[in-house]
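In case you want the letters, here they are:
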Amino acid sequence: MPDRNFWDPPTPPNHTTLSKNGLVVELCIYVFEHSAKDEAKVRADVAGASAIWCQSNINIQAVHFEMRPPLPPSEPLDLNSTDLAGQFLCNPLPDAVRDQFFNIDRPGCPDITKSVAVFYIPGRRLQDGFASGCQQFRIQGGDGRPEHFILLTDEADGRVLAHELGHALFTREIGPNQWINDDPDPNADASRIHNSDPQNLMFPNVPMNPVISPEQRSQAKESDLTLRQTLAIGYRENKTFKLGVRLRTLHVHSTDDEAFSDDALESSWNFTVSTVKPDGTKLTSGTKPWSMDPLHWWDYPIELDYPLLDVSSDNDKLVIEVTGTDWDFWSPNDALAAIKKEWPKGGDTWGSSSTEIPGGMPGDHREHVSNDEIDYSLSYNIRVDDRPNEVKFRDICGE
């Protein structure tokens, strides 16, 4: 099943999940007792961090969220303190404190090297009176890959979460058992951990609209934490789209009949509208004949309607075909220029919500073809007669 945010609604019965491929970083979020954060605030933080990392076509999602009950006693910190944040510094964070957080159980988050644990802890800021977030990693276990946690205080927001995720995403191996999380940007500051550009996400005091540099984007995409996943974006009722097509006007721009004859044609036509599945199966709404003798250089209102064309798959195409013949007395009959227009679903629902005609209504289109006998165009309208109920609950950055 496609991955989704913890808060995204499930796909109802008799509906199909809509999905899109994308890069994603997954969070397992735990809110400590006494934290000022509630579920709505945490959800806003995740959305804010995701909007920032969208610059790099990386999505951020929470795959697990819970409000933690009091934690079992452990040392050296009292993890159930009402001001836990004020009891320690992040840099440096004593090994015993770091391991104390790493040893916290992470229910709902089995792969600790492919996701980030985020702990919301009570207290306005850390002991230095400045920081409202902290990221740490360690290498442990058989595969030698890092595991991460992020601590966020009551004052942290989506920008702080995005900043701390930057530290995690920049974590990389530079030699056997040698790992760093330095800022890869050329403007990294003297500490190599933060950035000297006040507009950059990794500046110590995160700006209101932070930017991510090309070097930072590249490194983040190479992180073990950045996964390529099929991501749920919504769901659709299990019923078909029904399209309708009206062929409106045949615009004859010029004709050229056989020798010893005037240029009016003795024409007969076939107009076909159908839907075609990826395997080539064609479901035809019908072929409708039309004739005009003589055919002059005029606009002919044909007004042929093809209602309720079933489209059962996003990969089905709507196909409009026109063929014609000119009857000749002195020579074999001539085939008139043919039209075969294929409409994929695309972003305009098989052409029903777009037009390339100046001043045209949605669904209005025109095809122009010519050969030695005729130069003409066909104007028509595509509409949606019925559609399945569809719900989109999020947008995906990137692909």
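In this report, we go over the structure that sits alongside the text. (Residues numbered from 1 in each chain as written. Predicted model: local features only at pLDDT ≥ 70, side-chain atom pairs only at ≥ 80, totals over all residues. Heavy atoms only, no water.)

### Examining the overall build of the protein chain
Alright, step 1. What the protein chain contains, in helices and strands, is 4 helices and 17 strands.
Alright, step 2. Over its C-alpha trace the protein chain gives a radius of gyration of 31 Å, far above what one expects of a compact globule, namely 21 Å for 399 residues.
Alright, step 3. Seen through its principal axes, the protein chain has C-alpha atoms that stretch 105 × 45 × 40 Å.
Alright, step 4. Pairs at least 24 apart in sequence give 72% of the contacts found in the protein chain among residues at least 6 apart.
Alright, step 5. Counting 36 positive and 63 negative side-chain charges, the protein chain places the averaged centre of each group 6 Å from the other. (Helix = DSSP H or I, 4+ residues; strand = E, 2+ residues; numbered from the N terminus. Rg over C-alpha atoms; globule rule 2.2 N^0.38 Å. Contact = heavy atoms within 4.5 Å. Lys, Arg positive; Asp, Glu negative; His and termini not counted. Charge placed at Lys NZ, Arg CZ, Asp CG, Glu CD.)

### Description of helix α2 (residues 95-102)
Alright, step 1. Residues of α2 that are buried include every one of Val97, Arg98, Gln100, Phe101 and Phe102, and no others.
Alright, step 2. At its buried positions, α2 is contacted by β3 (116-120), β4 (133-139) and β5 (146-152). (Buried < 20%, exposed > 50% of the residue type's maximum accessible area, 1.4 Å probe, protein only.)

### Section: the packing of helix α1 (residues 39-53) against helix α3 (residues 158-169)
Describing two packed helices takes the angle between their axes plus the distance from one axis to the other.
Alright, step 1. Interhelical geometry of α1 versus α3 gives an angle of 55° and a closest axis separation of 7 Å. Taken together, the axes of α1 and α3 lie oblique to each other. Here α1 runs over α3; the crossing is right-handed. For the pair α1 and α3, contact is made by Asp45, Val46, Gly48, Ala49, Ile52 and Trp53 and by Gly158, Arg159, Leu161, Ala162, Leu165, Gly166 and Leu169, respectively.
Alright, step 2. Among the residues making up the contact of α1 with α3, the classes are represented as 8 nonpolar, 3 polar and 2 charged. (Axes fitted to C-alpha atoms, helices over the stretch in contact; angles between N-to-C directions. Parallel < 35°, antiparallel > 145°, perpendicular 65-115°, else oblique. Left-handed = near helix turned anticlockwise from the far one by under 90°. Nonpolar A, V, L, I, M, F, W, Y, C, P; charged D, E, K, R; others polar.)

### As for the sheet that holds strand β14 (residues 334-343)
Alright, step 1. Pairing is antiparallel across the open sheet formed by 4 strands, whose spatial order is β11-β10-β13-β14. The open sheet has two free edges, formed respectively by β11 (282-295) and β14, since each of these has just one partner strand. Direction aside, the axes of adjacent strands within the sheet are offset by 10° on average.
Alright, step 2. As defined by bridge partners, strand β13 (residues 317-326) adjoins β14 across 8 bridges and the pair is classed as antiparallel. Directly across from Leu318, in β14, lies its bridge partner Trp343. (Pairing = 2+ DSSP bridges.)

### Describing the packing of aromatic side chains
Two aromatic rings are characterised by how far apart their centres lie and by the angle between their planes.
Alright, step 1. The tally for this structure, following the rule as stated, stands at 17 aromatic pairs.
Alright, step 2. A ring pair is formed by Phe6 and Phe65, whose centres lie 5.9 Å apart and whose planes are at 50°; its orientation type is tilted. Here the residue Phe6 occupies a position in the segment before β1 (15-31), and Phe65 occupies one in strand β2 (residues 58-67), the gap between them amounting to 59 residues.
Alright, step 3. Both rings, one in Trp7 and one in Phe65, keep their centres 5.7 Å apart while their planes meet at 50°; by these two values the pair is tilted. Here the residue Trp7 occupies a position in the segment before β1, and Phe65 occupies one in strand β2, the gap between them amounting to 58 residues.
Alright, step 4. A relative accessible area of 7% means that Phe65 is categorised as buried.
Alright, step 5. Over the aromatic face of Tyr306 sits the side chain of Lys288, whose NZ or CZ is 4.4 Å from the ring centroid.
Alright, step 6. One residue, Lys341, lies across the ring of Trp343, its end atom 4.6 Å from the ring centre. (Phe/Tyr/Trp six-rings, centres within 6.5 Å; stacked < 30°, edge-to-face > 60°. Lys NZ or Arg CZ within 6 Å of the ring centre and 35° of its normal.)

### Quick word on the sheet that holds strand β16 (residues 374-386)
Alright, step 1. Strand order in this open sheet of 4 strands is β12-β9-β16-β15, and the pairing throughout is antiparallel. Among the strands making up the open sheet, the edge pair consists of β12 (299-311) and β15 (364-370). For this sheet, the mean inter-axis angle between neighbouring strands, taken without regard to orientation, is 20°.
Alright, step 2. Pairing of strand β9 (residues 241-255) with β16, which is carried by 12 bridges, proceeds in the antiparallel orientation. Along β16, the bridge assignment pairs Lys242 with Asp386.

### Notes on helix α4 (residues 214-221)
Along an α-helix, a turn takes 3.6 residues, which lines up residues three or four apart on a common side.
Alright, step 1. Where α4 is concerned, the buried positions are Gln216, Gln219 and Ala220. Summarising the axial view, the buried residues of α4 lie within an arc of 100°, below the 170-degree limit, and thus occupy one face.
Alright, step 2. Against the buried residues of α4 lie α1, β2, α3 and β6 (172-175). (Arc of directions from axis to C-beta.)

### Looking at the state of the cysteines
Alright, step 1. Summed over the entire model, instances satisfying the criterion amount to 3 disulfides.
Alright, step 2. Between the sulfur of Cys54 and that of Cys397 lies a disulfide, 1.8 Å long from S to S. Taking the sign of the torsion about the S-S bond as the criterion, the disulfide between Cys54 and Cys397, at about -115°, is left-handed. Pair noted here: Cys54 is in the loop between α1 and β2 and Cys397 is in the segment after β17 (390-392), with a separation of 343 residues, a long-range link.
Alright, step 3. On the accessibility criterion, Cys54 (29% relative accessible area) is partly exposed.
Alright, step 4. We classify Cys397 as buried; its relative accessible area is 10%. (Disulfide = S-S within 2.5 Å.)

### Some points on the pattern of salt bridges
Alright, step 1. Scanning the model with the defined rule gives 25 salt bridges in all.
Alright, step 2. Between Arg145 and Asp224 there is a salt bridge; the shortest N-O distance is 2.8 Å. Of this pair, Arg145 sits in the loop between β4 and β5 while Asp224 sits in the loop between α4 and β8 (227-237), and the two are 79 residues apart along the sequence.
Alright, step 3. Asp224 gets classed as partly exposed once you look at its relative accessible area, which sits at 23%.
Alright, step 4. For Lys239, the salt bridge identified is with Asp386, shortest N-O distance 3.6 Å. Placement of Lys239 in the loop between β8 and β9 and of Asp386 in strand β16 is noted, with a sequence separation of 147 residues between them.
Alright, step 5. The partly exposed category is assigned to Lys239, whose relative accessible area is 38%.
Alright, step 6. Through salt bridges with shared partners, a single network forms among Arg98, Asp99, Arg106, Arg138 and Glu147. (Salt bridge = Lys/Arg side-chain N within 4 Å of Asp/Glu carboxyl O.)

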